Each structure stands twice: as structure tokens, then as C-alpha cells.
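Coordinate inspection notes
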Protein chains: 2
Amino acid sequence: MLRTQGVTAPAGFRAAGIAAGIKASGKLDLALVFNEGPDHSAAAVFTRNKIKAAPVLWTQQVLTTGRLRAVILNSGGANACTGPGGFQDTHATAEAVAAALSAWGTETGAIEVAVCSTGLIGDRLPMDKVSAGVREIVHEMAGGLSGGEEAARAIMTTDTVPKQVALHHEGNWTVGGMAKGAGMLAPSLATMLCVITTDAVAGPEALQSALKNAVARTFDRLDVDGSCSTNDTVLLLSSGASEVTPSQDALDDAVLRVCDDLCAQLQADAEGVTKRVLITVTGAESEDDAVTAARVIARDSLVKTALFGSDPNWGRVLAAVGMAPVKLDAEQITVSFNGSPVCVDSVGAPGARDVDLSGEEIAVVVDLGVGSGSASIRTTDLSHAYVEENSAYSS
Amino acid sequence: MLRTQGVTAPAGFRAAGIAAGIKASGKLDLALVFNEGPDHSAAAVFTRNKIKAAPVLWTQQVLTTGRLRAVILNSGGANACTGPGGFQDTHATAEAVAAALSAWGTETGAIEVAVCSTGLIGDRLPMDKVSAGVREIVHEMAGGLSGGEEAARAIMTTDTVPKQVALHHEGNWTVGGMAKGAGMLAPSLATMLCVITTDAVAGPEALQSALKNAVARTFDRLDVDGSCSTNDTVLLLSSGASEVTPSQDALDDAVLRVCDDLCAQLQADAEGVTKRVLITVTGAESEDDAVTAARVIARDSLVKTALFGSDPNWGRVLAAVGMAPVKLDAEQITVSFNGSPVCVDSVGAPGARDVDLSGEEIAVVVDLGVGSGSASIRTTDLSHAYVEENSAYSS
């Protein structure tokens, strides 16, 4: 696993990232990922929010074909809650990308172009800048060999570092990916934006199966603040350029590992994070129950502020899990912090108040005492920096 | 409605508050409310947390009789997650109160004494101090006329002011109350601790009906941080000393108004509050849907931090409500801040980013566009002070 490479690590992919002037800061804000083929299979997972941004509505339609030639992504604006005009902007962006790629020599239709946007909800995009940027980025991509890192930088919002990873399989095929997302990371979802590429030979069904499985175990189990975006999109594209057809198991495993690594990078760069926290629930009646209980603990503001303060206040963990809609034995709950038991059979353990939580990583394990289901949720503490960063985002 | 009087405003009630040494600070920490009769009807609502503190388990048993002579309340320790030993401590406390009242001349059994505790979860109470305190507080109450305010002060934890209220009904009967609670205020619950008294003549069923109705519309719709305590208890006691039997409607109304006022006091003194926020959802398919949607918005950390920053970031309201498990029309949602429309038909309104949210009160109204159900949830912003106060509570 290399974090110095991303979507252009697999054969058959080009990418670019430019500053199109969408962000007032002048930073990189437009990214393109292009699949040179020979195959153009694709799969996707989208936000479950009922309020979906225009690019999500567009890309959902595009993906019904199971085929994708390019992905255009912008930061600096989510194009969400922008009405029919916002949807027309997304459509026009896809048309502009298709036209520019066709002019360059690759006959492309708008229906082969996915669009992803991220940034503030509610404002229209500056379409003059987007349109000019699309022409420029196709030119830029055509001239260079690998713009993977620039693409990863161009989708950043409050992220402080680009997130990319590549896994070179011993069978001579590769999976690469990039992602952005620092807040509004939440349950039952993908993350904000993520593009994964592979040169393996794999059809849309194989890709969808691998992606769905991976997202359920990675991005769906990252919960920074319980808030869920209108724009979340995870895409998986295959070029088939390696001419190797991996087994479904091998593909599943590789995509899972790439998603898991990107997920860890998102957690580490989450807004205001001072602690990386892993909440594991064991002894649940089912894996689903374990996920639910772990998520309830991970979302509890009192638990998260205590962890920010390195305070081993295990009573808040019990109070939180007691509200989870799962079966538990109220007199048999066991909790440990960083491997030290702090609560046994629902009663405080000796030395519980002295456990050292001053490090940057905290492991919380809660056993519900009723079964063998288990699962983990990645989360973060709730810090002053989180409040600061989120109290003046739009203004 | 007078906030200078509380549980001793109705005829037939005495109260006291003392410093028993349970709190290391030496502040008031033990309260007693005593019903002199002639009636001793009582009703209660308890936390729905599966993890219940010892005093909740005890008081639930006591209330099955519909009868209560006294309530003993302590701050400085929740006596939650303390196992069988903690339950014995609660039982011993009730026995001590019964013995002291009997010695004073009012034959009392432990089964007539409710016990409430609040403070840190997980530690045993210092029973030597509690026992000595019980003897002292009964003596104190016997000597004085009205200790209502001292009682209200003795149940404070992170509260900065005591909360009490009295409503003198024109029909010559009175309802009074006190409450504590500043954090861990959450859904589907009473608040932390609340004792309401009345000199109206009313049996346990009439009291339970009035209390259940009032709690559902007041404390159950206050959501400061989505965290739910192990100790929440709301008690309603009647002495019948006014010899007036109000109609059920009149009783319901008076208890509702007292609970509503105490609820507003809790909201105003919530941990770290800089803004009092009222989230109202209209146009829902049902009142239940409106409550659910308003609660999802009220609990969203990104909405709450934006309000702390006086930032009219209405897109976060839409992103939050889009995850509520209720029916809504994703293209017909309307949002206003302090009466100014900021989003109409799911699209930003002109001037939306300039709405002034700098005041201490913010009204958010969200119309879902599918029906006529409506409801409001009281909440607060998420501030630096909330993080500060909760990052080092136990240490």
C-alpha cells in the first residue's frame, strides 16, 4: 500500500487537478479522472440523504449504464439545494467534459461523465469558471502523464492533506484511489467524495459487489459527527488495461483494503481531531446490533468531549449504550479503555479513574453480554477546534 | 407564575436543603421534600435508558403504590452503575428517612420515600455522610417553615442557578416545582431531576395522566446534547391541603405550565449555552414526524456549531432534516431563521446569507411540505464552553 500514488497508479488512467477560480482562495478546485480503457465498467455508492445534490442526481442516472469514461469533480461549492438551475449546471458540466474529450480525439457522450461537487450547500456554481476550467483541465490531462496527486488536492475542502493510496496486487493488477472529507462524515453512507480505479478486468456487477461490500465495512463505519452530506459519492472504475481478471474474492479484498486505508486517512484528518478513537462493541446479539451500539457511543457528545479531555469517564459510555436500540444485559456490561478494564458487570473497576488516555489513539471496547456479534466504528473526539472550524464555515 | 417560590408554595409541603458533605466543595447537596397531607398521592415519569441508576430502580418500586410521603434527593453522586451495593445504599437511605420522620412523629415506612440522585456515574455514595445528613435534614425541615429554595439549590450539579416555579390557580389551589439539569438532557425523557407539588385534591391516576401529558410536551422536547441520563426522574405529589378538586383539564393545564416554565429555565442554564434555540417543524405528515424531524435538526453538531457562530448556514439544516426518518418532499422544503425565509422550495432565498443571528434567541422553522403536523424542540448551540465543561467533568 503506497500513499504516494492514487487514481493514476493502475494502467489506463489519467488525471489532472487545476485551479479554475471556483474557490476564492485560488487553490486547486477542479479535478478530472479519465479512463483510457480498453474497458469502461463502473460502479457507485451514493449518500442516503433524502436531500441529494444535483451532481448526485445526475451521476445516479449515469451509473445506470454501468459504464463511465470520465469523472469531473469540483470543490468550492456543493451545488446542493440549487433547484432545476443547479441540475442544468451539472448537466452542462458533463456536456462540456464530453465535448472537450471528443475534441481531443476520444468520442465521449455526457452520459459517460460522472460529476461530483463538494463545498458549501446552497449556492450556484460560477459556470463561466467551470466551463473554462473544463476545457483547460482536459488540455492539461492530455499533456501530462500523471496528475493523480493534483486531482486529490483539487477535491480538498477543509481537508489539510490529500488522501490517496495504491495497492499493487501480486497478480499484476492494481487498485488506486483518492478521497476527500473532513466533516459531515456520518452513518450509513459513503464518505464525501472518493474515486477508486483499477486496471483489473471486471464488469459492472463485479465492481458493484466489491464496492458495496467495502463501503459497508469502511466508510459506513466512520462517524465523525453524525452529520450526513448531500453529496457523498464513491465511484469505482475499471480500465481492464492489465488484461488480468481477478477472482471476485481477490477483487473484494483489494477494494476493501484500499477503502479501509482511505477511511483511516479521513479519520486522521477529520475536522478538529485531537484523538483517533476506535469504538468496538462485542457480545452483541448480531453484527448489526454491534454496529448500532458502537455508533450510538461514537455519536455521544458527552463521550466525545470526555475523550477530548483524556477523561476516563466510563459512566458516560454506559449512559450512551443504554439508549441504543439493541438487546443488552444491563447488569453484565464490560468496558475497557486502551485494554484496561474500567467497568466489569456494569460496575466500576478498581483504578478505572486513573487510566491514561493522554495519547492520540484511544480504543474503547464495550461488551454487551448477550451474544457473539461484534463490530467497530471509527470516530474522533469533540474538541474546541471542531467547534471553531464549524462555527463560521459559510461566513 | 412566580420563580421565587417552588415546591413549598402549595399548602401541605415542607422542604429543606443542607450541605451533608457529599460534595467535596462543601456546597448544598442534600434535599428533602415532605408531604404533610392529608393526601399522599403521587405519580412519576422515569428515564427510558436501559441502564438505570439504583435510586431509579428503587423509586419505580415505591411509585407502584401511587403514594409518597417524602422525597430525598442528593447531588454529588448519581449512584448509577454501582451494582447491588449501590441499590442497598438507596434502600438504606429511604429507611433512614423513614426512621427520622417516624422519630419526629410522622409514622413513615421506607416504601413511602422516593430517592433521587445526581452527579458522576459509577461511584458509591459516602453513606456515613448521607446517613448523618438524613438525620440533620429532617431536624432542619421540622424547625423551619419553608426550605423550598434551599432544596432547589441542593440538587444543583453544573447548574448555575436554582430552578423553581409556582402557579397559583384562581380556584385557590397551587402547583409548585423545582428542577435541576444542565447537560445530558435528551430525547424521550424527563429531565434530570424534578419534583412538582400541589395542594389540589387529586388521586394517583389523575396525577399520572397530568404528568405524562406535560412531560411529553415539555421535558421530552428539550434536547441539549442528545445524551440521556441514567437517573432522570420527574415526581408529582399532591397533599390535598387546599380541599379543592380541580377538573382534569385544569390540573393538566397547570402541571403543563409549571413543567414548561421549568423546561425553559433548564434550557436557559444548559451547559455552555450562548443561544436558546427553538426548532419548529411544520408541514409534517404527523405530530410524531414533526417531533422526530425537529429532534434530528436539534441534535446535529454542524447545525449547532453554525448557530454558535451566528452563521445562517441553512444548507446544514437541509442536510440534517434529509436524514430524518420521516416523509418529506425533497423539492418543497422551506426554512426560516428568526422569521426571515432563507430557503424556499429547497433553494436558497435572496439575502439568506445575511440574516442576523447574533441575538441570544434563535427560531428555526422548517416546513416539510407534506402535511399539517407540527412540533417544536428546544435546544441550544454547541459552544466552546460546552466542550470545556464536559471535557474534564470526572477528573
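It should be emphasised that the depicted structure is a prediction, and the values quoted were computed from it without experimental measurement. (Residues numbered from 1 in each chain as written. Chains lettered and ligands numbered in written order. Predicted model: local features only at pLDDT ≥ 70, side-chain atom pairs only at ≥ 80, totals over all residues. Heavy atoms only, no water.)

What follows covers the overall build of chain A. Broken down by element type, chain A carries 10 helices and 15 strands. For chain A, the C-alpha radius of gyration of 22 Å lies close to 21 Å, the compact-globule estimate for 395 residues. Its C-alpha atoms give chain A principal-axis dimensions of roughly 70 × 50 × 35 Å. For chain A, with 395 residues in total, the buried portion stands at 62%. By sequence separation, contacts in chain A at least 24 residues apart represent 80% of the contacts at least 6 residues apart. Taken as a whole, chain A presents about 13100 Å² of accessible surface, with 49% of it coming from carbon and sulfur. On chain A, the mean spot of the 28 positive side-chain charges and the mean spot of the 46 negative ones are 4 Å from each other. (Helix = DSSP H or I, 4+ residues; strand = E, 2+ residues; numbered from the N terminus. Rg over C-alpha atoms; globule rule 2.2 N^0.38 Å. Buried < 20%, exposed > 50% of the residue type's maximum accessible area, 1.4 Å probe, protein only. Contact = heavy atoms within 4.5 Å. Areas by Shrake-Rupley, 256 points an atom, 1.4 Å probe, with all protein chains shown as cover. Lys, Arg positive; Asp, Glu negative; His and termini not counted. Charge placed at Lys NZ, Arg CZ, Asp CG, Glu CD.)

This part is about the sheet that holds strand β13 (residues 347-348) of chain B. Residue and element names in this part refer to chain B. One open sheet accounts for six strands, arranged β13-β12-β11-β14-β10-β15; its pairing is mixed. Edge positions in the sheet fall to β13 and β15 (373-380), since each of these pairs with one other strand and no more. Note: strand β12 (residues 340-344) against β13, two bridges, orientation antiparallel. Paired with Cys-343 across the bridge in β13 is Gly-348. The sheet contacts of helix α6 (residues 248-268) involve β10 (276-284) and β15, and relative to β15 the element is tilted by about 45°. (Pairing = 2+ DSSP bridges. Axes fitted to C-alpha atoms, helices over the stretch in contact; angles between N-to-C directions.)

This next bit is on the interface of chain B and chain A. Listed by partner, the interface residues are 55 residues for chain B and 55 residues for chain A. Summed over both partners, the interface of chain B with chain A buries about 4300 Å², with 59% contributed by carbon and sulfur atoms. Taken together, the connections running from chain B to chain A amount to two salt bridges. In this structure, the salt-bridge partner of Arg-353 of chain B is Asp-123 of chain A, at a minimum N-O distance of 3.2 Å. The interface formed by chain B and chain A holds 14 residue pairs in polar contact (both at pLDDT 80 or more) in total. (Buried area = accessible area lost by both parts, 1.4 Å probe. Salt bridge = Lys/Arg side-chain N within 4 Å of Asp/Glu carboxyl O. Polar contact = N/O pair within 3.5 Å; in protein donor to acceptor, adjacent residues only side chain to side chain.)

Attention shifts here to the sheet that holds strand β3 (residues 41-46) of chain A. Residues and elements named next belong to chain A. Taken together, the five strands give an open sheet; going across it, the order is β3-β9-β8-β7-β6, and neighbouring strands pair in mixed fashion. One side of each edge strand has no neighbouring strand; the edge strands of this open sheet are β3 and β6 (163-169). Ignoring strand direction, the axes of neighbouring strands in this sheet form an average angle of 10°. Along the sheet face, helix α1 (residues 54-63) touches β3 and β9 (233-238) and points at about 140° away from the line of β3. Helix-sheet contacts for helix α6 (residues 248-268) involve β6, β7 (173-180), β8 (193-198) and β9, and the interaxial angle to β6 is about 155°.

Glancing now at the UniProt feature "binding site: substrate" (unreviewed entry) in chain A. Within this numbering scheme, the UniProt entry marks Thr-157, Lys-180, Thr-191, Glu-271, Asn-390 and Ser-395 of chain A as carrying the feature "binding site: substrate" (unreviewed entry). Looking at where Lys-180 of chain A falls in the secondary structure, it is placed in strand β7. At a separation of 2.9 Å, a polar atom in the side chain of Lys-180 of chain A contacts the side chain of Thr-118 of chain A. As for its placement among the helices and strands, Asn-390 of chain A is situated in helix α10 (residues 384-390). Ignoring anything within four residues of it in the chain, the contact list for Asn-390 of chain A reads Glu-271 of chain A together with Leu-302, Thr-305, Ala-306 and Arg-316 of chain B. (UniProt positions renumbered as here; feature names shortened; annotations may be inferred.)

This part takes up the packing of helix α1 (residues 54-63) of chain B against helix α2 (residues 83-104) of chain B. Residues and elements named next belong to chain B. Where α1 meets α2, the closest approach of the two axes is 8 Å, and the angle between their N-to-C directions is 50°. The angle between the axes of α1 and α2 places the two elements in the oblique class. In the packing of α1 onto α2, the handedness of the crossing is right-handed. Every residue of α2 that contacts α1 at Ala-54, Pro-55, Leu-57, Trp-58 and Gln-61 is listed here: Gly-86, Phe-87, Thr-90, His-91 and Ala-94. For the contact of α1 with α2, the class distribution of residues is six nonpolar, four polar and no charged. (Parallel < 35°, antiparallel > 145°, perpendicular 65-115°, else oblique. Left-handed = near helix turned anticlockwise from the far one by under 90°. Nonpolar A, V, L, I, M, F, W, Y, C, P; charged D, E, K, R; others polar.)

All right, on to the domain arrangement of chain A then. Residues and elements named next belong to chain A. Domain boundaries assigned for chain A yield domain 1 (13-268) and domain 2 (276-390). Spacing between the C-alpha centres of domain 1 and domain 2 amounts to 34 Å. The contact between domain 1 and domain 2 buries some 1400 Å² in all, and 42% of this surface belongs to carbon and sulfur atoms. On the domain 1 side of the interface with domain 2, the three residues burying the most area are Arg-221, Asp-223 and Gln-267, jointly 50% of the side's total. Put simply, domain 1 and domain 2 have two salt bridges between them. In this structure, Arg-378 and Asp-260 form a salt bridge, with 3.2 Å as the shortest nitrogen-oxygen distance. (Domains from an automatic or database assignment.)

Another aspect to go through is the side chain of Thr-305 of chain A. By the element assignment, Thr-305 of chain A lies in helix α8 (residues 301-308). Aside from chain neighbours lying at most four places away, what touches Thr-305 of chain A is Arg-316 and Leu-382 of chain A together with Tyr-386, Val-387, Asn-390 and Ser-391 of chain B.

This next bit is on the relation of the copies chain B and chain A. Placing chain B over chain A gives an RMSD of 0.0 Å and needs a rotation angle of 180°, together with 0.0 Å of translation along the axis. The operation mapping one copy onto its partner corresponds to a two-fold rotation axis. Relative to the rotation axis, the C-alpha of His-384 of chain B is the closest in chain B, positioned 2.8 Å from it. Interface residue correspondence from chain B to chain A reaches 100%, placing this contact among same-surface, isologous pairings. (Least-squares fit on C-alpha atoms with pLDDT ≥ 70 in both.)

Residue and element names in this part refer to chain A. Burial within strand β5 (residues 113-117) is extensive, with five of its five residues counted as buried. Because side chains alternate across β5, one face comprises the buried residues Val-113, Val-115 and Ser-117, and the other comprises Ala-114 and Cys-116, equally buried. In terms of strand pairing, strand β4 (residues 70-74) meets β5 through five bridges, oriented parallel. Bridged to Leu-73 within β5 is Cys-116. Handedness of the β4-helix α2 (residues 83-104)-β5 crossover: right-handed. (Right-handed = clockwise from strand over helix to strand, strands pointing away.)

Attention shifts here to the pattern of salt bridges. Residue and element names in this part refer to chain A. Considering all chains together, one arrives at 32 salt bridges over all chains under this definition. Across the salt bridge formed by Arg-48 and Asp-220, the nearest N and O atoms sit 3.4 Å from each other. On the criterion of sequence distance, the pair formed by Arg-48 in the loop between β3 and α1 and Asp-220 in the loop between α5 (204-217) and β9 is long-range, its members being 172 residues apart. One salt-bridge network, held together by shared partners, links Arg-67, Arg-69 and Glu-112.

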